[in-house]
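These are the residues of each chain, in order.
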Amino acid sequence: MPPPSTPTSWRIALPHTSAAVPVARALVRTALTEIESPAADTDTAELLTAELVANAVEHTTGDAPIELVVELLESGCQVEVHDADPAPPADLTNPDDAEAPDPWQEHGRGLLLIRTLSSSCGHRPTDSGKAVWFTLPAVPAQRPPSEA
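Keep in mind it's a predicted model, so treat the numbers as computed, not measured.

Student: Explain helix α3 (residues 110-117) here, please?
Tutor: Residues separated by three or four positions in an α-helix point in the same direction, a consequence of the helix having 3.6 residues per turn. The complete set of buried residues in α3 reads G110, L111 and I114. Projection of α3 onto a plane perpendicular to its axis shows the buried side chains occupying an angular sector of 95°, all on one side. Along its buried surface, α3 packs onto α2 (42-59), β4 (120-126) and β5 (129-137).

Here it is, written out as structure tokens:
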């Protein structure tokens, strides 16, 4: 089946709690495995989505839901997490300003993972706060080894 000519997307409001993380991971995995065209690597997409959602829960205040948007593109996928805080994430797009994460600390490596493993990432203001996003390229489908 050829890739869709128009993007396919999923949008879901998640609770502003840590329970949002596994729900977001499941949605991304489902979105990327249910299509028959080349998709992005599901393990990487899940990991980076979990980091974005966890950051939104941890670094924003209030009870406003977090919104997850997964968009499948011919070139791969884009995942956005919307939250109510307009402040940009500290070191997502300016790695020179960021200190190296302490390997002994539990926190501090999420945005580094997003910068390193995604093909692009960033943030943008929205009417209700901001959206933080990453893109992953499509991974060609693996062909089974030919039988001799």
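That shown, we press on.
Student: In this structure, what is going on with the environment of V53? I would like to understand it.
Tutor: Here V53 lies in helix α2. Each C-alpha atom, one on V53 and one on V23, is 9.9 Å from the other, the two residues being 30 residues apart in sequence. When neighbours within four sequence positions are excluded, V53 is seen to be in contact with L14, A20, V21, A24, I66 and V81.

Student: Sorry, what's going on with the packing of helix α1 (residues 20-33) against α2 here?
Tutor: The packing of two helices is summarised by the inter-axis angle and the distance between the axes. Where α1 contacts α2, the axes come no closer than 9 Å and their chain directions differ by 150°. Classified by the interaxial angle, the pair formed by α1 and α2 is roughly antiparallel. Where α1 crosses over α2, the handedness of that crossing is right-handed. For the pair formed by α1 and α2, the contact residues are A20, V21, A24, R25, V28, R29, L32 and T33 on the first element and T42, D43, A45, E46, L47, T49, A50, V53 and A54 on the second. Tallied by class, residues from the contact of α1 with α2 come to ten nonpolar, three polar and four charged.

Student: Explanation requested: the pairing of strand β3 (residues 76-83) in the structure shown.
Tutor: Across a regular strand the side chains alternate sides, sitting on one face of the sheet and then on the other. Of all eight residues that make up β3, eight are buried, and the element is covered over most of its length. Taken together, strand β2 (residues 66-73) and the strand that follows it, β3, pair antiparallel across an intervening segment of two residues. Here β3 pairs with β5 via eight bridges, running antiparallel. Along β5, the bridge assignment pairs E80 with W133.

Conventions used here
Residues numbered from 1 in each chain as written. Predicted model: local features only at pLDDT ≥ 70, side-chain atom pairs only at ≥ 80, totals over all residues. Heavy atoms only, no water. Buried < 20%, exposed > 50% of the residue type's maximum accessible area, 1.4 Å probe, protein only. Helix = DSSP H or I, 4+ residues; strand = E, 2+ residues; numbered from the N terminus. Arc of directions from axis to C-beta. Contact = heavy atoms within 4.5 Å. Axes fitted to C-alpha atoms, helices over the stretch in contact; angles between N-to-C directions. Parallel < 35°, antiparallel > 145°, perpendicular 65-115°, else oblique. Left-handed = near helix turned anticlockwise from the far one by under 90°. Nonpolar A, V, L, I, M, F, W, Y, C, P; charged D, E, K, R; others polar. Pairing = 2+ DSSP bridges.

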